[in-house]
Amino acid sequence: MSPLLLTALGCGWNHLPSGHGRYENLPLWSPGQAVPTEDGLYVPLPQAGQLALITDASPPEARLIDLGPGRLDRIEAAPDGRSLVTFVQRYVCTTEDAPKRVDTTDECANRDLEVNTELVVVRGGEASPGEDLPGAYNAVAFSQDARFATAFFDFSLEVEIDGVLNLTGVVVLDLERDVQTLVPVGFAADRILYVNDDQGAAVEAVVLSRNQVALVDLAADPPALSVTYPLSLDPDVIVDPVGADVTPDGRYALISARSSTDLYAIDLEQPAINLIELAGAPQDMAVSAATDQTVLVYGTRPKVELLDHERFEIDAVDLDEGMDHITLVDDQAVLWGQGNQHDLYRLDLVNHALVEYRLQNPATSVSIAPTGEMAVALTRAEGGGGTGVDAIYDQHPGMEIVDLRTDETTPFLLEGDGLGTAFSSDGTNLQLLVLQRGVDYLYRLDLYTRQEGRIELTAPPVAIGSMPGGRFFVTHDAPLGLVSFLDPQSGKIEEIGGFATLGRFEPVELTEEVTP
């Protein structure tokens, strides 16, 4: 199939780049945007406009993925770790001069260059083209089973639009059958949810936008719009969805709106909308499949509410501090704040028992160990005028181990700001790895025995993640590219560098030649 055509995205038709040299100010690679898959680690190369694949092998190797003529804009990864959707800018030269073969953008006058964006699926280390489709899309949302990806226009991304656009549709991509369908929904979508059947297969897509929600039947051939729900009958009333999720049985879509204390419960089987009054405008919401409840927190309001999906009744639990983040762990919820809060809570969603933990400093992130037994909070230096040991904690970034089996926490001081964590468990050991800003080593801690150590790195790290094969990858602050692959059990590290220069000096080829 031919590539998916996404016109007027980014530069837009007739909105021209200032020449090939404009990319020289871009970085050679994007260490914070590396994507792990079964194929290896995909890394964008912004200056070259290319996509590199680094194999998770011994030793690792790097090569370019042939995306065809043009430049890579960005990438999106499917949740199954197998597929990658890339946004590729294509260039066409429409010259008014005498016919002359033009092969690259450097050979075409800027006034004669036109650019559009195509969606290209990468799988198995190869790019598979799609079919041309009209519209403007700059984001995709994947179903959990990775069968479908829905392309839409994300207004939160910075784009320049030049030309006439129709934003009232979405494109449903069937990644299993390599088939794509344009589905008109009547409004500009800005978020996509999926409804799964009992086997976990996506059967419907819930398309959200300001004042409206649409349901797309994915089981139909081709996928088609089945029903539209208005969130407001008054054109002067704006309902702007903020939080959204689907109940575990797929019956209801739950939507919170900006600056509103109403929760919209949309019946997806018997089309209807119910309004549920909340304690305030939610800062975060999460649906627990284990207990069939929705958990809601309200930022500065010290309260957590639990919505029962069967009775649609709310139970409230008071807190000492308002929370703005929810992390679910089986039948429990970990509540934490990213502002000035020092509290962290563990809430039993069955009996509503609440355990309060007190952190030394406010958290910047909270991650849960794969066993669900412990949480790790990275904290920021708070400053302030504490005395004694409190003053030491206030002046330094830190990390706290939160034992979710008890009410205990263990604080640590970090040398640099915590950037990320990774876990490894073999049934006997539970290893934690911590990245710190500007620090040339990984801090390693066994969460069971509390044995600690360092894994030395060649350069300061930027990000850490897990490969499907069990190894970790670490990207580094190295201009020419540097990635380390770490065996969490042996501590062995293999590095590969210099790949960021691949394709750097290759010209941007034109998609086709158009002459009068």
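Look a little higher up for the structure.
Residues numbered from 1 in each chain as written. Predicted model: local features only at pLDDT ≥ 70, side-chain atom pairs only at ≥ 80, totals over all residues. Heavy atoms only, no water.

(A) View of the state of the cysteines. The full count for this structure, using the stated rule, is 1 disulfide. What pairs with Cys93 in a disulfide is Cys108, and their sulfur atoms sit 2.0 Å apart. Note on the Cys93 and Cys108 pair: the S-S dihedral is about 85°, so by sign convention the disulfide is right-handed. With Cys93 in strand E7 (residues 83-94) and Cys108 in the loop between E7 and strand E8 (113-123), the pair connects residues that are 15 residues apart, well separated along the chain. Judged by relative accessible area, Cys108 falls into the buried class, the value being 5%. (Disulfide = S-S within 2.5 Å. Helix = DSSP H or I, 4+ residues; strand = E, 2+ residues; numbered from the N terminus. Buried < 20%, exposed > 50% of the residue type's maximum accessible area, 1.4 Å probe, protein only.)

(B) Molecular detail of unusual backbone geometry. Note the cis peptide between Ser58 and Pro59, where omega equals 0°. One can find Pro59 in the loop between strand E4 (50-54) and strand E5 (62-64). The amide bond that connects Asp221 to the next residue, Pro222, takes the cis arrangement and shows omega of 5°. Among the secondary structure elements, Pro222 is positioned in the loop between strand E16 (212-217) and strand E17 (224-230). Not every positive phi belongs to a glycine, and Asp178 is a case in point at roughly 55°. Here Asp178 shows up in the loop between strand E12 (169-174) and strand E13 (179-184). Its identity as a non-glycine residue notwithstanding, Arg450 has a phi of 65°, on the positive side. Mapped onto the secondary structure, Arg450 falls in the loop between strand E36 (441-446) and strand E37 (452-456).

(C) The arrangement of the pattern of salt bridges in detail. Here the structure, examined in full by the defined rule, presents 21 salt bridges. For the salt bridge of Arg74 with Asp73, the shortest nitrogen-to-oxygen distance reads 2.4 Å. Between Arg405 and Asp403 there is a salt bridge; the shortest N-O distance is 3.0 Å. Residue classification places Asp403 among the buried residues on the basis of a relative accessible area of 11%. Each member of the salt-bridge network shares a partner with another, and the members are Arg147, Asp174, Glu176, Arg177 and Asp221. (Salt bridge = Lys/Arg side-chain N within 4 Å of Asp/Glu carboxyl O.)

(D) Broad picture of the side chain of Ser367. With respect to the helices and strands, Ser367 occurs in strand E30 (residues 363-368). One polar contact links Ser367 to Thr421, side chain to side chain, over a distance of 2.9 Å. Beyond its immediate sequence surroundings of up to four residues, Ser367 is in contact with Met374, Ala375, Val376, Thr421 and Phe423. (Polar contact = N/O pair within 3.5 Å; in protein donor to acceptor, adjacent residues only side chain to side chain. Contact = heavy atoms within 4.5 Å.)

(E) Molecular detail of the packing of aromatic side chains. For the structure on display, the rule yields 3 aromatic pairs. Ring centres 4.8 Å apart and planes at 70° place the aromatic pair Tyr252 and Phe312 in the edge-to-face group. Of the two residues, Tyr252 is situated in strand E19 (residues 252-257) and Phe312 in the loop between strand E24 (301-308) and strand E25 (314-318); the sequence distance between them amounts to 60 residues. Since its relative accessible area comes to 23%, Phe312 is described here as partly exposed. Judged by centre distance (6.4 Å) and plane angle (55°), the rings of Phe412 and Tyr443 are tilted. Placement of Phe412 in strand E33 (residues 409-413) and of Tyr443 in strand E36 is noted, with a sequence separation of 31 residues between them. Over the aromatic face of Phe87 sits the side chain of Arg74, whose NZ or CZ is 4.5 Å from the ring centroid. (Phe/Tyr/Trp six-rings, centres within 6.5 Å; stacked < 30°, edge-to-face > 60°. Lys NZ or Arg CZ within 6 Å of the ring centre and 35° of its normal.)

Keep in mind these values describe shape, not function.
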